[in-house]
Each structure stands twice: as structure tokens, then as C-alpha cells.
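Single-letter residue listing:
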Amino acid sequence: MSEDLIFEQMKEKAMNAEPLGGTLKFKIDDKTVYIDGSGDTNIISTDDKDADCTISASLDVLMKLKNGEINPMMAVMGGQVKIGGDMGLATKIQSLLSW
């Protein structure tokens, strides 16, 4: 699965989800998915702006998380996923990763 397809799927999920209550940035290899959920709806772009929470991972790790091949907590503890900023926002991403 390509980063572009992931962006499209995350965009579709985020547009139909409740607003996150802040800004969230995914750094997937060299691609960015930015979700501004601070208003009435989630607005998704590829902008590389500052966010309340930033989650970084490789495409390979993201796919393993999506497919249930690795445990999210273990991926964070093992350094495969890096989270910076508001951890409360990080807990809201499950709905965005259930493609």
C-alpha cells in the first residue's frame, strides 16, 4: 500500500469522524498527513505544520499496526512509533487506522 493510498483512506475516515479536538500530524516515512480537528470538522492535508500531537512511523510499521501484526503499545515502547505532544490526541487515532 502506498503513502498516497494511506492518505486517501485516512482522509475519508477523518472526514467522517468526530472532530479530534486539536491538530494531529502523521509522519510516515517522508510523507505527512496533517489533521486539523480543532473546529467543527476534521480538515485533512499534506501540510507539514506544527501540531498538538505528532506521530512518526515507517510505512512498514504502520501497515503492521493496521493488520494487527504488532501491538501499538509495544511499537511505541520499542521505538517503532514515536509520539510527541498531546498524548490524549494520540489515543483518538484508532478510528483513523481502522481501514
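Okay, so let's go over this structure. Since the structure is predicted, the reported quantities are computational estimates derived from the model, not experimental observations. (Residues numbered from 1 in each chain as written. Predicted model: local features only at pLDDT ≥ 70, side-chain atom pairs only at ≥ 80, totals over all residues. Heavy atoms only, no water.)

**Re the sheet that holds strand E5 (residues 82-85)**
The cut-off we apply is this: Strand pairing is defined by DSSP finding a minimum of two bridges between the two strands. Helical segments are the DSSP runs of H or I of at least four residues, strand segments are the runs of E of at least two, and each set is numbered from the N terminus. Axis lines are fitted through C-alpha atoms, for helices just across the contact stretch, and the angle between N-to-C directions can take any value from 0 to 180 degrees.
Reading across from one edge, E3-E2-E1-E4-E5 is the order of the five strands in this open sheet, with mixed pairing throughout. The two strands at the open ends of the sheet, each matched to only one other strand, are strand E3 (43-45) and E5. The mean inter-strand angle of the sheet, taken between neighbouring strand axes irrespective of direction, is 15°. As judged from the five bridges shared by strand E1 (residues 23-28) and strand E4 (residues 53-57), these two strands associate in the parallel manner. Across the sheet, residue Lys25 finds its bridge partner in E4, namely Thr54.

**Considerations on the pattern of salt bridges**
What counts, and what does not: A side-chain nitrogen of Lys or Arg and a carboxyl oxygen of Asp or Glu constitute a salt bridge if their distance falls within 4 Å. The rule is simple: take the accessible area with a 1.4 Å probe, protein chains only, and divide by the maximum for that residue type; under 20% is buried, over 50% is exposed, in between is partly exposed.
Applying the stated criterion across every chain, the model contains four salt bridges. The closest approach of N and O atoms between Lys64 and Asp60, which form a salt bridge, is 3.4 Å. Placement of both Lys64 and Asp60 in helix H2 (residues 59-66) is noted, with a separation of four residues, approximately one turn of the helix. The exposure class assigned to Lys64 is partly exposed, which follows from its relative accessible area of 29%. Salt bridges sharing partners connect three or more residues here, namely Lys25, Lys27 and Asp48.

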